[in-house]
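Residues per chain, in single letters:
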Amino acid sequence: MKNIKIQYLNDQMERLKYIDGKSDWIDLRAAEEITMKAGEFRLIPLGVAMKLPKGYEAHVVPRSSTFKNFGIIQTNHYGVIDESYCGPGDWWYMPAYALRDTVIHINDRICQFRIFEHQPTLTFEEGKLSGEDRGGIGSTGVQ
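Rules of the game
- Residues numbered from 1 in each chain as written.
- Predicted model: local features only at pLDDT ≥ 70, side-chain atom pairs only at ≥ 80, totals over all residues.
- Heavy atoms only, no water.
- Helix = DSSP H or I, 4+ residues; strand = E, 2+ residues; numbered from the N terminus.
- Buried < 20%, exposed > 50% of the residue type's maximum accessible area, 1.4 Å probe, protein only.
- Polar contact = N/O pair within 3.5 Å; in protein donor to acceptor, adjacent residues only side chain to side chain.
- Contact = heavy atoms within 4.5 Å.
- Pairing = 2+ DSSP bridges.
- Axes fitted to C-alpha atoms, helices over the stretch in contact; angles between N-to-C directions.
- Core = buried A, V, L, I, M, F, W, Y, C linked by side-chain atoms within 4.5 Å.

K.L.:
What should I look at first to understand the side chain of Arg29 in this one?
P.N.:
With respect to the element layout, Arg29 can be found in strand 2 (residues 26-29). Arg29 sits in the buried class, given a relative accessible area of 14%. At a separation of 2.8 Å, a polar atom in the side chain of Arg29 contacts the main-chain carbonyl oxygen of Asn107. Beyond its immediate stretch of four places on either side in the chain, Arg29 contacts Met13, Glu14, Pro45, Leu46, Asn107, Asp108 and Arg109.

Below, the structure is given as structure tokens:
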């Protein structure tokens, strides 16, 4: 088990936890009340800063219900926070774009994260591929 030092923005923030054994992803919550108009971009504060273990990174993505519930999308679609982002002012944010007017309340669950080990060092060997050709992009059809 890895220990992660965490700093919360304030006492209003619900503490991080796993959701009843349903997933090993952990929900992140809005740290303040956010009102957005359609077409607006905001960095939504998530109310946490962490010191991840050496060799690890956090992957941050929207929850499956985020667009349905709030009408926002994460502009980078997939955020990566590495262990060097670990100072007392290195707060986590969700970069969000609103497709409709919306209000997000403190502690609304808007995204989720998971910790991964860094990718091992890779080398690339140039040459012609010999695997079976699947037919290129979109070759598996629509259904």
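K.L.:
Hey, could you run me through the sheet that holds strand 4 (residues 41-45) in this one?
P.N.:
Strand order in the open sheet made by the 3 strands is 4-9-7, with antiparallel pairing throughout. Across the chains shown, the open sheet's two edge strands, defined by having one partner strand only, are strand 4 and strand 7 (72-74). Within this sheet the neighbouring strands show an average axis-to-axis angle of 40 degrees, counted without direction.

K.L.:
In this structure, what is going on with the environment of Ile115? I would like to understand it.
P.N.:
With respect to the helices, strands and loops of the structure, Ile115 is situated in strand 11 (residues 109-117). Taking relative accessible area as the criterion, Ile115 reaches 27% and is therefore assigned partly exposed. The residues touching Ile115, leaving out its near neighbours within four places in the chain, are Ile4, Leu52, Tyr56, Glu57 and Ala58.

K.L.:
What exactly am I supposed to notice about the nonpolar core here?
P.N.:
Counting residues in each nonpolar core, the largest one holds 26 residues, and the members touching the most others are Leu28, Ile44, Ile72, Trp92, Ile104, Ile110 and Phe113. Taken together, the elements giving at least two residues each to this core come down to strand 2, strand 3 (34-36), strand 5 (48-51), strand 6 (56-62), strand 9 (93-98) and strand 11. Those residues in contact with Ile44 that lie beyond four places of it in its chain are Ala30, Ile34, Met36, Ile72, Trp92, Tyr93, Met94, Ala96, Ile104 and Ile110.

K.L.:
Is there a simple way to explain the pairing of strand 9 in this structure?
P.N.:
It is a general feature of regular strands that their side chains alternate between the two faces of the sheet. Here 5 bridges tie strand 4 to strand 9, and the two strands are oriented antiparallel to one another. Bridge pairing in strand 9 links Ile44 to Met94. By the bridge criterion, 3 bridges tie strand 7 to strand 9 in an arrangement that is antiparallel. Its bridge partner being in strand 9, Ile73 is matched across the sheet by Tyr97.

Honestly, that's just the spatial picture; any functional story needs more than this.
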